[in-house]
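# Breakdown of the fold
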Amino acid sequence: MSTHASRGFCRIGIDVGGTFTDFVLHNRRTGAITRYKEPSVPEDPSRSVELGLPALVAKAGVGHADVELIVHGTTLGLNTIIQRKGARLGLVVSKGNRGVLEIGRAQLANAFSFALQKEEPLVPRDLVLETSARLAHDGTVVARPTEDELRAIAATFAAAKVDAVTIMLLHSYARPELEREVAGLLRRHLPGVPITESAQIWPERREYERCLVALINAYVQPLMESYLDRLTARVRALGIEGPIYITANNGGTLSIETARQRPIDTLLSGPASGVVAASITAQATGRTHLITVDMGGTSADMSVIQSGQPEHTTRTHVGEFPLIVPVVSVSAIGAGGGSIVWVDKQGVLKVGPQSAGASPGPVCYGKGGSEPTVTDCYLLAGYIDPAHFLGGRMKLDAAAARQALEGIADRLGIAGADRAVRAAEAALRVTTAVMGTEIAKNIVQRGEDIRDYALVPFGGAGPTQANMIAEEGGIASILVPAAPSTFCALGAILADVKRDYVRSQMLYLRDGGPALDALARTFAELRRDAAAWIKAEGEILGATQFEAIADMRYAGQAYDLPVPIAEALALAPTVEALTELFHQAHEKAFGFRDLDSPAEVTTARLRVTGKVPPIEIPPLAAATAEARPIGRRQVFWDGGYRDATVYLRRDLPVGFAVSGPAVIEQDDTTTWIIPGWRGRVDAAGNMTIAREVSGSAAD
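Below, the structure is looked at part by part. This structure is a prediction, so every number in the text was calculated from the model and none was measured. (Residues numbered from 1 in each chain as written. Predicted model: local features only at pLDDT ≥ 70, side-chain atom pairs only at ≥ 80, totals over all residues. Heavy atoms only, no water.)

Turning to the pairing of strand β22 (residues 349–355), a few remarks are in order. Where strand β21 (residues 339–343) meets β22, 4 bridges bridge the pair, whose relative direction is antiparallel. Each residue of the ladder has a partner; that of Ser339, found in β22, is Ser355. Linking β21 to β22, which pair antiparallel, is a turn of 5 residues; within it Gly347 sits at a positive phi near 80°. (Pairing = 2+ DSSP bridges. Helix = DSSP H or I, 4+ residues; strand = E, 2+ residues; numbered from the N terminus.)

Here is the structure:
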């Protein structure tokens, strides 16, 4: 796939969700943004892209040839791991390390249960084979592989008909050349079988985690390559020639060629795009501390933005497996709009984790679903209008939702003619309590005040649930974007191209010059590799930025702290400057600095960013007439029906304010403002919702 610059003037972001595929088109000539939603096709997500693109382009009034860039987010790799539908793998390890996947970190899956089983390894033990190739911790070659042993290993893999092979030698991060040697010999005996070297994918210490990164990359790669090939073919068949980029875990994007080689960098990219959009959207409001909640069809995820920057982590999980590559820090906190409402054997009301997905979907969709969902609860409570869902493109069956929720009410012992709506309210209270508690716990564990944060909800269900979450969790204000349901797709086209590089290296600052020279050399090499990569990512990119981080610790500690360092210091480090930066980071995290312990550098990290031409979000047009409600309807809240005012979001001018109870409808979602809160529209089209103080919302 070529990443040449296109002569077009439209940029398209695509986010494939479990229920809908979201599209956003930005016209660079007019500044207009066009949004569209297409039902997802779980069997082949590229099919929903193929169906949605023509409708999006037609709605925007442009041609297929006018598209200069497509940025696509997908959860295909993540789903492959969760559903265990990836490649059949073989693994080559150093002698004595065959149990690396079973031993892991030598920890119980659950500290409170001896009976709980660990995750099943991605490679069965009979396909984990040993080689004599071995390195010492400093990269010294202890033993090299022999032709005979690798021939025998290859024969075993061939007989087992593996789809791919991964090599993970002890301490290979210190000298990747030995894994390269083993891979070269294996390729001679396994022609056509992809072979992955762990140090080539992610040369960081801790062999279990490094092994998993390489295995996961190999596990999802065949399916991902096949999908990206189909996606490219379908897009090209529509007459769109602009380059295709894929969203990345770190909040950036990658060319489709890089995504083919490194699908590991795309696994958790979907939620990251929405967080990127939130940070950019909030900049215009002056807010720097945000809590984002992405509530789609299947689940709700939260992330934290501090000082205007999304929080990143190198410690997360993909399914049951730990992942050490840098990702935007996202935590699952609750149910989504399609999560199923049910009653367990003890008579306790539960919501999720099972989801109705895109098919059959909620009961009210009329596609064969029989179990009530959160969306069915919204409908029965009056938060969404059955006649205007998705702008009227889909009619909802309120009677079917009522019947399904009556079954829940009967199991809960709720009686009366209104038992279905009371069951719906109970389910929404459960959903809200779980999410509000998880958010509050996350912020309190940081030692911070949740009232200093604004909540930014997106996804189809986010704005509907947001005010309930804020009330429950003690959040002072809410910022609802102009088009929350397609926010991740917007974030895709706002994001720059990014990639992270890493190299583990034990350096003792007390050694002075030799350690400093080695660190400077490592950063220079990482910078050289990063510069070469970004240069090949496409002509659309502008300026390039580099960010350096050193993982550091006090001598004797087992875990590190990431310490950002200026690029000039990375290339010409000093003991005093590095030590002081680490003291500051340690004091911020733990409240003290240890002046008697020498500092160590364990890993050098570098992020390269290629700037994509920015998109200007058009301001809200000036009002030509006073906003008038389109009606009123009964909404069930706090045990009884309330008379709520209903507005269309597109009719609301800058400065418009409304007190709850109120419902704000738009094509992609509905915003519910509860009693005691007040919403106000800002110049960018965002709606700020805050507790009423003397009759007005605090901005």
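There is more to say after this.
Remark: helix α10 (residues 374–381) packs on helix α12 (residues 419–444), axes separated minimally by 9 Å, with the N-to-C direction vectors making an angle of 125°. In terms of axis orientation, α10 runs oblique to α12. Both α10 and α12 take part in a crossing whose hand is left-handed. Residues Val374, Cys377, Tyr378, Leu380 and Ala381 of α10 pack against Ala420, Val421, Ala424, Ala427, Leu428 and Thr431 of α12. (Axes fitted to C-alpha atoms, helices over the stretch in contact; angles between N-to-C directions. Parallel < 35°, antiparallel > 145°, perpendicular 65-115°, else oblique. Left-handed = near helix turned anticlockwise from the far one by under 90°. Contact = heavy atoms within 4.5 Å.)

With 71 residues, the main nonpolar core has Ile291, Tyr378, Tyr383, Ile439, Leu455 and Trp672 as its most contacted residues. Among the elements that line this core, the one with the most residues is α12, at 9 residues. Leave out the neighbours within four places in its chain, and Tyr378 touches Met295, Tyr383, Ile384, Leu428, Ala461, Thr464, Gln465 and Met468. If you look at the next biggest cluster of nonpolar residues, it comprises 60 residues, including Cys488, Tyr554, Val612 and Ile615. (Core = buried A, V, L, I, M, F, W, Y, C linked by side-chain atoms within 4.5 Å. Buried < 20%, exposed > 50% of the residue type's maximum accessible area, 1.4 Å probe, protein only.)

We now examine helix α14 (residues 487–494). Counting buried positions over the 8 residues of α14 gives 8, a clear majority of the element. For α14, the full list of buried residues reads Phe487, Cys488, Ala489, Leu490, Gly491, Ala492, Ile493 and Leu494.

This part covers the packing of helix α9 (residues 269–283) against α14. Across the interface, α9 lies against α14 with an axial gap of 7 Å and an inter-helix angle of 75°. Judged by the angle between their axes, α9 and α14 are roughly perpendicular. On α14, the residues touching Gly270, Ser273, Gly274, Val276, Ala277, Ala278, Ile280 and Thr281 of α9 are Phe487, Cys488, Gly491, Ala492 and Leu494. Across the contact of α9 with α14, the residue classes tally to 8 nonpolar, 5 polar and no charged. (Nonpolar A, V, L, I, M, F, W, Y, C, P; charged D, E, K, R; others polar.)

Given 3.6 residues to a turn, an α-helix orients residues that are three or four positions apart in the same direction. Along its 23 residues, helix α15 (residues 513–535) runs 33 Å from first to last C-alpha, staying within 8% of the 33 Å computed at 1.5 Å per residue. Among the residues of α15, Ala515, Leu516, Ala518, Leu519, Ala520, Thr522, Phe523, Leu526, Ala530, Trp533 and Ile534 are the ones counted as buried. (Expected span 1.5 Å × (residues − 1).)

Taken together, the 4 strands give an open sheet; going across it, the order is β29-β30-β32-β33, and neighbouring strands pair in mixed fashion. Of all strands in the sheet, those with a lone pairing partner are β29 (631–637) and β33 (670–673), marking the two edges. Going across the sheet, the axis of each strand differs from the next one's by a mean of 30°, ignoring polarity. In this structure, β29 lies alongside strand β30 (residues 640–648), joined through 7 bridges in antiparallel fashion. The partner of Arg632 across the bridge, within β30, is Thr645.

What the 4 strands build is an open sheet, ordered β6-β5-β9-β10; its pairing is parallel. The outermost strands of the open sheet, each flanked by one partner alone, are β6 (128–131) and β10 (195–197). This sheet shows a mean twist of 25° between the axes of neighbouring strands, independent of strand direction. Judged from the 5 bridges that link them, strand β5 (residues 89–94) and strand β9 (residues 164–168) form a sheet pairing that is parallel. Bridge pairing in β9 links Gly90 to Val165. Across the face of the sheet, helix α4 (residues 147–160) comes into contact with β5, β6 and β9 while running at roughly 170° to β6. Here helix α7 (residues 207–237) sits on the sheet and contacts β5, β9 and β10; the angle it forms with β9, its principal contact strand, is near 160°.

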